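Residue-level listing of the chains:
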Amino acid sequence: MMTGKKLIISALVLALVQIGFLVWIIAGRAAILRDGKQVLLRVEPIDPRDLLRGDYIILSYDISRLPVKLIANIPTGKLTSDDTPIVVRLRQGAGGYWGATTAWFGQAPGPAASDAVDIVGHVSEGWDLSAATTIAPNYGIERFYLPEGEGMAIQNDMRVRPFGVRVAIATDGAAQIKALMDGDKTLFEEPLY
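Now for a description of the structure that goes with this document. One numbering rule holds for all chains: residues counted from 1, following each sequence as written. Totals for whole chains, interfaces and linings use every residue, but because this is a predicted model, local features are given only for residues with pLDDT of at least 70 and side-chain atom pairs only at 80 or more, for both listing and counting. In computing side-chain properties, one takes all heavy atoms of the structure into account and sets aside hydrogens as well as water.

## Some details on the packing of aromatic side chains
Between rings of Phe, Tyr and Trp, where Trp is taken as its six-membered ring, a pair exists when centres lie within 6.5 Å; planes separated by under 30 degrees are stacked, by over 60 edge-to-face, and by other angles tilted. Tallying each qualifying case throughout the model produces one aromatic pair. On the numbers, 5.9 Å between centres and 35 degrees between planes, the contact of Phe21 with Trp24 is tilted. Placement of the pair is Phe21 and Trp24 together in helix α1 (residues 4–35), with a separation of three residues, close to one helical turn. Exposure is judged per residue with a 1.4 Å probe applied to protein chains only, and the accessible area is read against the type maximum: over 50% gives exposed, under 20% gives buried, and values in between give partly exposed. Residue classification places Phe21 among the partly exposed positions, given a relative accessible area of 48%. Lysine NZ or arginine CZ positioned within 6 Å of the ring centre and within 35 degrees of the ring normal marks a charge as sitting over the ring. Against the face of Tyr97 rests Arg42, its NZ or CZ located 4.1 Å from the ring centre. Numbering goes from the N terminus for both helices and strands, where a helix is a DSSP run of H or I of at least four residues and a strand is a run of E of at least two.

Have a look at this one:
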């Protein structure tokens with residue numbers, strides 16, 4: 001049986017491990033926001049409310065519907081996707097928005113040039129890879145939470161004028177939403193911590 005002193009020491013060690021884990025998660029997210037390459041993606045809203053968390057916007061991007069013809073390494077005769085990561089190379093285009101130029105299942109064959117950036121997403125199993133279809137990767141940046149009561153107004157505004165999301169992308173392709181933009185105006189910016 002543990003003595004009172006050993007029990008207190010065990011509880012303190014466990015608390016420190018849990019705090020350390022939380023700090024590690026927060027610091028990783030902050031590092032992407034602080035040091036990641038920033039890109040602007042055009043967005044389309046889907047749904048502005050979560051009963052447990054409040055207002056949010058589910059975001060869809062131009063890169064959320066990726067033409068299969070952009071995927072450079074589909075094996076001959078492969079008809080459906082596997083449950084796999086996908087790397088999508090982005091370059092800045094018209095209006096400052098970034099778009100997909102090519103993609104690879106698994107890993108890119110080489111690093112992106114200085115005028116491009118690679119974002120890593122995930123493709124679920126079963127997407128049709130025949131010539132005329134698209135797939136829908138998930139990049140982990142499809143949901144943005146807003147202050148209570150602002151979701152519906154922003155969703156309605158998104159239907160009549162262009163909105164974007166400034167995204168920070170780390171060198172490993174992990175992405176974090178940095179800010180919600182209404183044209184050139186920053187509506188909400190994510191804090192580092």
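## Considerations on the nonpolar core
Each nonpolar core is a collection of buried residues, namely Ala, Val, Leu, Ile, Met, Phe, Trp, Tyr and Cys, held together in the definition by side-chain atoms within 4.5 Å. Formed by 35 residues in total, the largest nonpolar core has its most connected members in Leu90 and Leu180. For this core, the secondary structure elements donating two or more residues are β1 (37–45), β3 (54–61), β5 (84–92), β6 (98–105), β7 (116–123), α2 (151–158), β10 (163–169) and β11 (175–182). In terms of residues, this core owes the most to one element, β10, which gives four residues. Should any heavy atoms of two residues lie within 4.5 Å, those residues are considered in contact. Setting aside residues no more than four positions away along its own chain, Leu180 makes contact with Ile57, Phe144, Leu146, Ile154, Met158, Phe163, Gly164, Val165, Lys185, Thr186, Leu187 and Phe188.

## A short note on α2
Quick reminder: α-helices carry 3.6 residues per turn. Residues three or four places apart thus point the same way. Restricting attention to buried positions, one finds in α2 the residues Gly151, Ile154, Gln155 and Met158. Around the axis of α2, the buried residues are gathered within 100 degrees of arc, so they sit on the same side. Arc definition: it is the arc formed by the directions from the helix axis to the C-beta atoms.

## Looking at the sheet that holds β7
Strand order in the open sheet formed by three strands is β6-β5-β7, and the pairing between neighbours is antiparallel. The sheet is open, and its two borders are formed by β6 and β7, each paired with just one other strand. Each neighbouring strand pair of the sheet contributes to a mean axis angle of 30 degrees, computed without reference to strand direction. Pairing between two strands is assigned when DSSP locates at least 2 bridges connecting them. Pairing of β5 with β6 involves seven bridges; the strand directions are antiparallel. Within β6, the residue paired with Gln92 across the bridge is Trp98. Between N-to-C directions, angles span 0 to 180 degrees; the directions come from axes that are lines fitted to C-alpha atoms, helices contributing only their stretch in contact.

## Notes on the pairing of β10
Burial analysis of β10 places seven of its seven residues in the buried class, the great majority of the element. Here β10 shows a buried face lined by Phe163, Val165, Val167 and Ile169 and a second buried face lined by Gly164, Arg166 and Ala168. Two strands pair when backbone bridges link them, and β10 and β11 are joined in this way by seven bridges, in the antiparallel orientation. Looking at β11, one finds that Val165 is bridged to Leu180. Hairpin connection from β10 to β11: five residues lie between these consecutive antiparallel strands, with Gly173 at a positive phi of about 95 degrees.

## Section: the environment of Ile9
One can find Ile9 in helix α1. For Ile9, a relative accessible area of 46% corresponds to the partly exposed category. Taking the C-alpha atoms as reference, Ile9 lies 52 Å from Asp182; in sequence the two are 173 residues apart.

## Examining the pattern of salt bridges
A side-chain nitrogen of Lys or Arg and a carboxyl oxygen of Asp or Glu constitute a salt bridge if their distance falls within 4 Å. Taken as a whole and assessed by the stated rule, the structure comprises eight salt bridges. Salt-bridge contacts for Asp35 lead to Arg34; the nearest nitrogen and oxygen are separated by 3.4 Å. Given the relative accessible area of 56%, Asp35 is considered exposed. Given a relative accessible area of 45%, Arg34 falls into the partly exposed group. Between Asp182 and Arg161 there is a salt bridge; the shortest N-O distance is 2.7 Å. Pair noted here: Asp182 is in strand β11 and Arg161 is in the loop between α2 and β10, with a separation of 21 residues, a long-range link. Judged by its relative accessible area of 34%, Arg161 falls in the partly exposed class. One connected set of salt bridges, linked through shared partners, spans Asp157, Arg161 and Asp182.

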